[in-house]
Each structure stands twice: as structure tokens, then as C-alpha cells.
Amino acid sequence: MVAISACVCAMFSAEAADAYTITITSGTRALYLQVGAGGYTGYYISGGTPGNNSTINVVSVTIPAASVGSGTAQAMTSNSSVSQSSIDGYAFCNPPSQVYIGGWSRPGNNSGVATLTVTTPASLTNGSDSIPFSQISWMMSGNGDSTYQFPNGTFTGGTQTLATFPANTWKEQCMTFTYANTVVPAAGTFSGRATYTLSLP
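Described in the following lines is the structure provided in the data block.

Quick notes on the rules
- Position numbers for residues start from 1 in each chain and track the written sequence from start to end.
- Per-residue local features are limited, in this predicted model, to residues with pLDDT of at least 70; the limit for side-chain atom pairs, both in listing and counting, is 80 or more; totals at the level of whole chains, interfaces and linings are taken over all residues.
- The side-chain values count all of the structure's non-hydrogen atoms but skip hydrogen atoms and water molecules.
- For two strands to be treated as a pair, DSSP must find at least two bridges joining them.
- Here a helix means four or more residues in a row that DSSP labels H or I, a strand means two or more in a row labelled E, and each is numbered from the N terminus.
- In this analysis, rings of Phe, Tyr and Trp, with Trp reduced to its six-membered ring, are considered paired at centre separations within 6.5 Å, and the interplanar angle assigns stacked below 30 degrees, edge-to-face beyond 60, and tilted for intermediate values.
- Burial classes: relative accessible area under 20% of the type maximum marks a residue as buried, over 50% as exposed, and values in between as partly exposed (1.4 Å probe, protein chains only).
- Whether a charge lies above a ring is judged from NZ of Lys or CZ of Arg, which has to be within 6 Å of the ring centre and within 35 degrees of the ring normal.

1. Let's talk about the pairing of strand S9 (residues 123-126)
One ladder, built from 4 bridges, connects S9 with strand S10 (residues 129-132); its direction is antiparallel. Note on S10: the bridge partner recorded for Thr125 is Ser130. As consecutive antiparallel partners, S9 and S10 are separated by 2 residues, and within that stretch Gly127 has a phi angle of approximately 65 degrees, a positive value.

Structure follows, in C-alpha cells:
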């Protein structure tokens, strides 16, 4: 039996609904990014305020010994329970099979474009044993979605650019993760972390 888990955590940095782009009110320079559990109090449209949440959600799958390396992709699930958009409370995602990702950029007096990236190590590890992080991929969707703001993809082991945020915009989506199951690792629990970062120049 092999258990695979990938932690997903959000970071945001800056100097000194649905998955369409939503224009937000301009104001003091700030960023907000939520991956899984978030820190919004209330909802944006009703004057809600963003905050910090140190929770790191885990996406995982357990593969029975007889199926390890079979090439049959395995759906992963998350311990995140977030289903509602922080914009308006709309039931957008379907946990535990989906993980919410959303955020906004407000560059203040500047016109800078924010960039969303995800960074992973080369491998998930269990002691000296490893599985390439590229065994995990994701698809974007959301209830009622027809336009996607973030791409589908596969982790490459390194930093990948997922999207840009023009000034005063909010974007959101729901991620569904899949383990390719095309390698035969040693038995055990393998883990690694994907770190999502929204930054402004």
C-alpha cells in the first residue's frame, strides 16, 4: 500500500461568484490569496474583510498494493471543507474532491500586475524513497463555470506561473487533483508541499 499526500499552502507577498475576472474597488495597496482554508470574515460583496489563516490543507490518496503502478489514475481528496466563494458565498467548489483557490490584487497608486505561482520540490519523499512530483496533476473547474482563469496542469518540480492579476481584480477556481500512478515506489507514505504565492512587483 502506498499513501501519497501533498500539502497545499498559500503565501502572499508585496513590496512596502464565478471564475470570471471580477473588478474590485481600488484602495490601499494589498493582496489576498486563499488556497483551501482561508481567512475572510464575511463576504467581499457585503463588506467582508480578509485575514490570515495558517492552516495547510492536505490532498492525499491511498493506493492498494494490487493497484500500485497500474497506470490507472487515482483521484485525490483534500481535508479542506471550503465550498463557498469568498466573494458572495456562492457554493462554488465540491470538497473533498476539490480545493478552492482565489485571490485579488489591489496595487494602490501603482498599476502593477500581480503574478500567481506554485512551487514544488522535485519529488514527494518517504525517507530515502521518492516519487516525482510530476505524478500529480490538477484540473480547474467550478459549479456553473464556463470560463477558466487558471490553467489545468501538472507539477514540474520547481516554480510554475499559473496566472496574472491585473489591477483591482479577483479570480477564483476549484482544483481537482489526480495521481498518475505510473511508477512503482516502495511501500509507505510519501509527502511533499506545493506552495502557492501571489506577488506584486
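The rest of the description comes next.
2. Some thoughts on the packing of aromatic side chains
In total, this model carries 9 aromatic pairs according to the counting rule given. Between Trp138 and Phe155, the ring centres sit 4.8 Å apart and the planes meet at 50 degrees, which makes this aromatic pair tilted. Of the two residues, Trp138 sits in strand S11 (residues 136-141) while Phe155 sits in the loop between strand S12 (153-154) and strand S13 (158-165), which places them 17 residues apart along the sequence. Residue class for Trp138 comes out buried when judged on its relative accessible area of 4%. You can call Phe155 buried: its relative accessible area is 2%. Judged by centre distance (6.1 Å) and plane angle (35 degrees), the rings of Phe150 and Phe165 are tilted. Of the two residues, Phe150 sits in the loop between S11 and S12 while Phe165 sits in strand S13, which places them 15 residues apart along the sequence. For Phe165, a relative accessible area of 0% gives the class buried. Its end group placed over the ring of Phe165, Lys171 keeps NZ or CZ at 5.5 Å from the ring centre.

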